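# Structure at a glance
Okay, here's what each chain looks like letter by letter:
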Amino acid sequence: MKALILAAGVGKRLHPFTEDIPKCLLKVGEKSILEHLLDSISSSKIKEVILVVGFKKELIYKKIGDSYQGMIINYATNNFFDQTNNLYSLWCARHLIDDAFVQFIGDLIVNREIIKKVFNSHLEDAVVIDSSPNNFVEDANRIRLEKGRVILLNKTISKEESAGRAFGIYKFSKENAQEYCKSIELNIYKFKDGFETGLRPLLGNFFFQIIDINGLPYAEIDDMNDLDSARKKIDYIINYGNFKS
């Protein structure tokens, strides 16, 4: 199994901080967003990370290099990062997707307990959600279930109908990884769309379930408020669970 991180975007909502640096390299505490995410992923048995880069990619190469915490880093490049969305970024990485993998958006910081829950789960195809009502966000993906199966993924599902917030982690078996790539290929003309355009057709044909982290700490950093919040609670996010018996 591999990890794939989508980190090609410009991060306009975080200007002026992201005018000369990729969003994933913004510092939160002692490290960048990307380093925090890679630190957490390294607590699993993952040996290879696919990192999709674009804006100021040379800064990411310099910071991360070809390996990190014992994991091989393979890069895919979205050269049209300013004209496309992450559906196209996935298309740029398709030649590296040859195994089961877990997809992450590149503006996440997650506690290691979340990584353990995802990679240790027996579920091979899953949307990772947070069912805690305290973390419901209006402008965020959420999912609807039917008999334990994910049937909808969008930002318009009502709070009452939603099983939880999908905050940026998706797990694919080897078989569905290939189906995902085919779906992305079929929809690549919608290059300004997000990855959801490639994923939604699979929900109707394959059995995706949920891995619920139920309030474990994380931060998804889209704008200034998110960045300020993440900086205030970074110690809690990183250290949560360290002293649990």
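As the structure is a prediction and not an experimental result, all values here were calculated from the model. (Residues numbered from 1 in each chain as written. Predicted model: local features only at pLDDT ≥ 70, side-chain atom pairs only at ≥ 80, totals over all residues. Heavy atoms only, no water.)

## Examining the packing of aromatic side chains
Geometrically, a pair of aromatic rings is defined through the distance of the ring centres and the angle of the planes. Enumeration over the complete set of coordinates arrives at eleven aromatic pairs. Taken together, a centroid distance of 6.3 Å and an interplanar angle of 15 degrees make the contact between Phe 101 and Tyr 180 stacked. Placement of Phe 101 in strand β7 (residues 101-105) and of Tyr 180 in helix α5 (residues 174-186) is noted, with a sequence separation of 79 residues between them. The burial state of Phe 101 is the same as that of Tyr 180; both residues are buried. Ring geometry for Phe 172 against Phe 208: centres 5.9 Å apart, planes inclined by 75 degrees, an arrangement best described as edge-to-face. Within this pair, whereas Phe 172 is found in strand β12 (residues 164-172), its partner Phe 208 is found in the loop between α6 (196-205) and β13 (209-212), the two being separated by 36 residues in sequence. Look at Phe 208 and you get buried, because its relative accessible area is 1%. What links up through ring pairs into an aromatic cluster is the set Phe 101, Phe 172, Tyr 180 and Phe 208. Lying across the ring of Trp 91, Arg 94 places its NZ or CZ 3.7 Å from the centre. (Phe/Tyr/Trp six-rings, centres within 6.5 Å; stacked < 30°, edge-to-face > 60°. Helix = DSSP H or I, 4+ residues; strand = E, 2+ residues; numbered from the N terminus. Buried < 20%, exposed > 50% of the residue type's maximum accessible area, 1.4 Å probe, protein only. Lys NZ or Arg CZ within 6 Å of the ring centre and 35° of its normal.)

## Digging into the pairing of strand β10 (residues 142-146)
As judged from the five bridges shared by β10 and strand β11 (residues 149-154), these two strands associate in the antiparallel manner. From the neighbouring strand, Arg 142 faces β11, where its bridge partner is Asn 154. In sequence, β10 turns back onto β11 through a hairpin of two residues, with Lys 147 there showing a positive phi of about 55 degrees. Two elements, β10 and β12, share two bridges in a ladder whose sense is antiparallel. (Pairing = 2+ DSSP bridges.)

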